[in-house]
Amino acid sequence: MFDNISTKDLQAELNRRQETKPKKLSCPNIIPLQKMCQDYINLIDTKDPRDNLNYDDFTEYIFECAMETVFGKDVWEFINLKEQ
């Protein structure tokens, strides 16, 4: 797959990714985030104590969705690199 790319070029791309801080998307699609937030509100409104749902997981999904909405899916490359 990468046979035609030199090691030097791969290293340059890796360096670029490590140095590039994510930028906000100019026109983010907020519909998935809005839906997820509404689903959370609906879920806690009808919360049944007998449910074994982990509501904390839902807030993590909302955070992930928010980060991807604002910065794009590539934001995790930067975050994972910086959190090592």
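Now for a description of the structure that goes with this document. None of these values were measured; they are calculated from a predicted model.

## As for the overall build of the protein chain
Okay, so step 1: In terms of regular secondary structure, the protein chain is built from four helices and zero strands.
Okay, so step 2: Taken from N to C terminus, the helices and strands of the protein chain fall in the order α-α-α-α.
Okay, so step 3: What you see for the protein chain is a C-alpha radius of gyration of 18 Å, clearly larger than the 12 Å of a compact globule of 84 residues, by over 25%.
Okay, so step 4: Taken along the three principal axes of its C-alpha coordinates, the protein chain extends 55 × 30 × 25 Å.
Okay, so step 5: Residues counted as buried form 15% of the 84 residues belonging to the protein chain.
Okay, so step 6: The contacts in the protein chain between residues at least 6 apart in sequence include a share of 61% that link residues at least 24 apart.

## Quick word on the pattern of salt bridges
Okay, so step 1: Under the counting rule described, the total for this entry stands at two salt bridges.
Okay, so step 2: Note that Asp39 is salt-bridged to Lys35, the shortest N-O span being 2.9 Å. You can see Asp39 and its partner Lys35 sitting in helix α2 (residues 31–45), four residues apart, about one turn around the helix.
Okay, so step 3: Taking relative accessible area as the criterion, Asp39 reaches 29% and is therefore assigned partly exposed.
Okay, so step 4: A relative accessible area of 51% means that Lys35 is categorised as exposed.
Okay, so step 5: Linking Glu68 and Lys73 is a salt bridge whose minimum nitrogen-to-oxygen distance equals 3.2 Å.
Okay, so step 6: Given the relative accessible area of 26%, Glu68 is considered partly exposed.

## Structural notes on the packing of aromatic side chains
Okay, so step 1: Scanning the entire structure with this criterion turns up two aromatic pairs.
Okay, so step 2: Consider the rings of Tyr40 and Phe58, whose centres lie 5.3 Å apart with planes at 45°: the pair is tilted. One end of the pair, Tyr40, is in helix α2; the other, Phe58, is in helix α3 (residues 55–71), with 18 residues separating them in the sequence. In terms of burial, Tyr40 and Phe58 fall into one category: buried.

## Considering α3
Okay, so step 1: Over its 17 residues, α3 runs 25 Å from end to end, which matches the ideal 24 Å to within 8%, given 1.5 Å per residue.
Okay, so step 2: Gly72 occupies a position one or two residues after α3 and carries a positive phi of about 95°.

## Description of the packing of α2 against α3
Packed helix pairs are characterised by how far apart their axes lie and by the angle those axes make with each other.
Okay, so step 1: Contact geometry of α2 with α3 gives a least axis separation of 9 Å together with a crossing angle of 165°. Between α2 and α3, the interaxial angle falls into the category roughly antiparallel. The hand of the α2/α3 crossing is left-handed. Across the interface between the two elements, Pro32, Leu33, Met36, Cys37, Asp39, Tyr40, Leu43 and Ile44 of α2 pack against Tyr55, Phe58, Thr59, Tyr61, Ile62, Cys65, Ala66 and Thr69 of α3.
Okay, so step 2: Taken together, the residues of the contact of α2 with α3 break down into 13 nonpolar, two polar and one charged.

Rules used throughout
Residues numbered from 1 in each chain as written. Predicted model: local features only at pLDDT ≥ 70, side-chain atom pairs only at ≥ 80, totals over all residues. Heavy atoms only, no water. Helix = DSSP H or I, 4+ residues; strand = E, 2+ residues; numbered from the N terminus. Rg over C-alpha atoms; globule rule 2.2 N^0.38 Å. Buried < 20%, exposed > 50% of the residue type's maximum accessible area, 1.4 Å probe, protein only. Contact = heavy atoms within 4.5 Å. Salt bridge = Lys/Arg side-chain N within 4 Å of Asp/Glu carboxyl O. Phe/Tyr/Trp six-rings, centres within 6.5 Å; stacked < 30°, edge-to-face > 60°. Expected span 1.5 Å × (residues − 1). Axes fitted to C-alpha atoms, helices over the stretch in contact; angles between N-to-C directions. Parallel < 35°, antiparallel > 145°, perpendicular 65-115°, else oblique. Left-handed = near helix turned anticlockwise from the far one by under 90°. Nonpolar A, V, L, I, M, F, W, Y, C, P; charged D, E, K, R; others polar.

Fair warning: the whole summary comes from geometry, so function is off the table for now.
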